[in-house]
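Residues per chain, in single letters:
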Amino acid sequence: MDDFYRDYILDHYRNPRNFGHLDAPTASAEDLNPLCGDQIRMELQIDDGGIVRAVRFSGNGCAISLASASMLTESISGMPLEDVAKLSKDVVLENVGIGISPTRMKCAMLGLRVLKSAAIGELAGWPDEE
Amino acid sequence: MLRPSEMQKALRVRDDFPIFTRPTARGKRLVYLDSAATSQKPLCVIETLDEYYREYNANIHRGVYEIAARATAAFEEARAKVARFVGADPGEIVWTRNTTEAINLIAYAWGNTNVRAGDAILLTELEHHSNLVPWQLLAQRTGAVLRFIPVDKNGTLVLDDLDRLLDGCRLLSIAHVSNTLGTISPLETIVPRARAAGATIVVDGAQSAPHLPVDVKALDADFYAFSAHKMLGPTGIGALYGKRALLESMPPFLSGGDMIRAVEYDRATFNDPPWKFEAGTSNIADAIAFGTAVDYLTELGPAWVREHERAITAYALERLAALEPRGLHVYGPKDPAKTGGVLSFNLADVHAHDVASILDTEGVCIRAGHHCTMPLMRKMGWHSTARASFYVYNAEEDVDALVTALEKAAHIFKV
């Protein structure tokens, strides 16, 4: 586990990419890990063709959850929303590039879970939480 | 520094705990600093469980055969041991699953019949969820209102407004020792004033029964709740002390077998306390082993336990102070005379979970998160803290291992 904290992970933790809020997000979702209190919000700007044009995330959490979420936002830029909705956990595992212990898997997947619920909610036409 | 003889005693104590003979999966010595969550178990407790199941497993209070009589005698003898340990009579000790269930028992059996709309229930801002949520639900059921004794930024209770808070107060429920900050509540100040105001007094003893000499009569508590698993005993068994007259006046909590005197198709009469509150087959083995845990603690001496933890907390504060330049910040009163063996801290901008993960690689077990005190964390402005807690088997070398592992975390995170 101590191998996990490589420079690029710490860089994403301390300088998270796409961190903040969008003025008028098309889709958004938020969730927390009730065991540890980590909390992440994802906001998406989708164009008429269903492509992700902008993404912002916010919240607080450990290096694993924040770095995973930060890298995830870079991965989905320009991606069709339908593909975002179908993302598997492999995208996170490939991004972090090193094994995550079972006890921390929930941290790593928090951002993905929030992102997917925003995408799936938007595709299904569920009422936005706003 | 601890006196050498004291440290040697702690190291001898550690030999009584089989778990410490096993290395971690990474081949490290197990450095267990999470006793506020649950304690380790000495061999005598483990053997008591084994002995019951091998030699005299039988249901209690009804069998006429030899092993049933032995089980019943051991079960009630354990109740007497636990009662003696906190200065109570055996008839005032109700077995529960844990502290949480004991508090729920009070909230339902006593609260539903004694708390009315407009009554005040006084808690503190540092309560564990288990001494908060049952009262929130009682307030919702009855129309009572919750009030809170505030904490200052050091985690000390602020008593300036206590008399106003106690005005119209039906119930005071308060942690004896904070599980997050280690703060010892000044019950000697608060309880007499609550008594004078006419409040019924509940003390959450989950973090005090294991660590401090406790006498429920001297505390003048009406109820005192505690768990075996935090005091060297098994999980799944706890105890509620209640003053005899209160227990007699209360209706049952759960109902069914063993808690009745006579049953007809349309009505029933109930057993005397404490059995009135023990519906169904009890957790027999674990209750008996709780008695063994209490024997073990009695032999160590609660005063020695307290002094040992005070000394090791003082040593930890001294060692951790050396990490302050690297951003280590310890929360809470920071006075070993005013805290139990619990230290909450953060390391610079490193999240507590990351600290705990790195410490784990060195065999050091600590807690990270909100410690079931989410409102306290929010009030203090902390997302999470790391928490190290000490008990009878911890020695200076455990603190040294903690500090070394924290230095590793600081190195990895470049702080």
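Further up the page is the structure itself.
Residues numbered from 1 in each chain as written. Chains lettered and ligands numbered in written order. Predicted model: local features only at pLDDT ≥ 70, side-chain atom pairs only at ≥ 80, totals over all residues. Heavy atoms only, no water.

1. Structural notes on the pairing of strand 8 (residues 238-242) of chain B
Residue and element names in this part refer to chain B. Here is the rule we go by: Think of it in three bands: residues with accessible area under 20% of the maximum for their type are buried, residues over 50% are exposed, and the middle band is partly exposed, with areas taken using a 1.4 Å probe on protein chains only. Secondary structure elements follow DSSP: runs of H or I of four or more residues count as helices, runs of E of two or more count as strands, with numbering from the N terminus. When DSSP finds at least two bridges between two strands, those strands are taken to pair.
Strand 8 sits mainly inside the fold: 5 of its 5 residues count as buried. Every second residue of strand 8 is oriented toward a common face, with G238, L240 and G242 on one face and A239 and Y241 on the other, all of them buried. Note: strand 2 (residues 93-96) against strand 8, 4 bridges, orientation antiparallel. Bridging across to strand 8, T96 finds its partner in G238. Both strand 7 (residues 223-227) and strand 8 contribute to a ladder of 5 bridges, which runs antiparallel. Each residue of the ladder has a partner; that of Y224, found in strand 8, is Y241.

2. Looking at the pattern of salt bridges
Residues and elements named next belong to chain B. The cut-off we apply is this: Salt bridge, as applied in this entry: a Lys or Arg side-chain nitrogen positioned within 4 Å of an Asp or Glu carboxyl oxygen.
The full count for this structure, using the stated rule, is 41 salt bridges over all chains. Between R29 and D398 there is a salt bridge, and its shortest N-O distance comes to 3.0 Å. One end of the pair, R29, is in the loop between helix 1 (4-14) and strand 1 (31-32); the other, D398, is in helix 14 (residues 396-412), and 369 residues separate them in sequence. Overall, D398 belongs to the buried group, its relative accessible area being 2%.

3. Some thoughts on the sheet that holds strand 2 (residues 39-46) of chain A
Residue and element names in this part refer to chain A. The condition that has to hold: In this analysis an axis means a line fitted to C-alpha atoms, helices contributing only their contacting stretch, and an angle means the value between N-to-C directions, from 0 to 180 degrees.
The 3 strands lie next to each other as 1-2-3, forming an open sheet whose pairing is antiparallel. Two strands in the sheet have a free side with no partner beyond their single neighbour: strand 1 (27-32) and strand 3 (52-60). Strand after strand, the sheet turns through a mean of 10 degrees between neighbouring axes, direction not considered. One ladder, built from 6 bridges, connects strand 1 with strand 2; its direction is antiparallel. Looking across to strand 2, one finds that L32 is bridged to Q39.

4. Observations concerning the interface of chain B and chain A
Short version of the rule: Contact between two residues is taken to exist if any of their heavy atoms lie within 4.5 Å; hydrogens are not considered. Take the accessible area each of two parts loses on contact, using a 1.4 Å probe, and add the two losses: that sum is the buried area. Whenever two N or O atoms come within 3.5 Å, that pair is a polar contact, provided that in protein one can donate a hydrogen and the other can accept it, and provided that, for residues adjacent in sequence, both atoms are side-chain atoms. Under the convention adopted here, Pro, Cys and the residues Ala, Val, Leu, Ile, Met, Phe, Trp and Tyr are nonpolar, Asp, Glu, Lys and Arg are charged, and Gly plus all remaining residues are polar.
If you look at the interface, chain B gives 17 residues, while chain A gives 18 residues. Between chain B and chain A, the buried area comes to about 1,500 Å², and carbon and sulfur atoms account for 50% of it. For the pair chain B and chain A, the number of links is 3 salt bridges. Viewed at the interface, chain A and chain B are joined by 12 residue pairs in polar contact (both at pLDDT 80 or more). Of the residues in the side of chain B that touches chain A, the class split is 5 nonpolar, 7 polar and 5 charged.

5. Re empty space enclosed by the protein
One way to see where empty space is left: roll a probe the size of a water molecule over the atoms. Residues and elements named next belong to chain B. The condition that has to hold: Think of a 1 Å grid over the protein atoms and nothing else: a 1.4 Å probe that fits but is trapped marks a cavity, an open set flanked by protein within 12 Å on at least five of seven lines marks a pocket, and residues with an atom within 4 Å of a point count as lining. Grid points are joined across faces, edges and corners, and a volume is the space filled by probe spheres set on the points.
This model, assessed by the stated rule, comprises 1 cavity of 30 Å³ or more. Each pocket or cavity is described by its volume, and for the largest cavity that value is around 50 Å³. A36, V177, Q207, H211, E309, G340, G341, V342, S389 and F390 together form the lining of the largest cavity. Residue composition of the lining of the largest cavity, by class: 4 nonpolar, 5 polar and 1 charged.

6. Comments concerning the environment of A225(B)
Residues and elements named next belong to chain B. Residue position: A225 is located in strand 7. In this structure A225 comes out as buried when scored by relative accessible area, which is 0%. Along the chain, A225 and V403 lie 178 residues apart, while their C-alpha atoms are 34 Å from each other. Filtering out sequence-adjacent residues up to four positions away, A225 remains in contact with T99, A102, I103, V203, D204, G205, A206, A239 and L240.

7. A look at the nonpolar core
The condition that has to hold: The definition of a nonpolar core used throughout is a set of buried Ala, Val, Leu, Ile, Met, Phe, Trp, Tyr and Cys residues joined through side-chain atoms within 4.5 Å. Throughout the structure description, domain borders are defined by an automatic or database domain assignment.
If you look at the biggest cluster of nonpolar residues, it comprises 78 residues, and the most contacted ones within it are Y224(B), F290(B) and V392(B). By residue number, the principal contributor to this core is helix 10 (residues 284-300) of chain B, which donates 11 residues. Residue-level mapping places this core at the junction of two domains, with at least three residues from each of domain 1 (4-32 + 302-412) and domain 2 (46-299) of chain B. Not counting the four nearest positions on each side in its chain, F290(B) is found in contact with V82(B), W95(B), F226(B), S227(B), A228(B), M231(B), P234(B), I237(B), G238(B) and A239(B). One finds A27(A), F57(A), I76(A) and A356(B) within the second-largest nonpolar core, a separate group that totals 77 residues.

8. Quick notes on the packing of aromatic side chains
Where we set the bar: Two aromatic rings, drawn from Phe, Tyr or Trp (for Trp, its six-membered ring), form a pair once their centres lie within 6.5 Å of each other, and the interplanar angle then sorts them: stacked below 30 degrees, edge-to-face above 60, tilted otherwise.
Taken as a whole, this structure holds 16 aromatic pairs over all chains when the rule is applied. Between Y13(A) and F413(B), the aromatic rings sit 6.1 Å apart at their centres with planes inclined by 85 degrees, giving edge-to-face as the arrangement. Here the residue Y13(A) occupies a position in helix 1 (residues 7-14), and F413(B) occupies one in the segment after helix 14, the pair thus bridging two chains. There is no split in this pair, since Y13(A) and F413(B) are both buried. Here the aromatic residues F17(B), F20(B), Y296(B), Y391(B) and Y393(B) are joined through ring pairs into a cluster of three or more.

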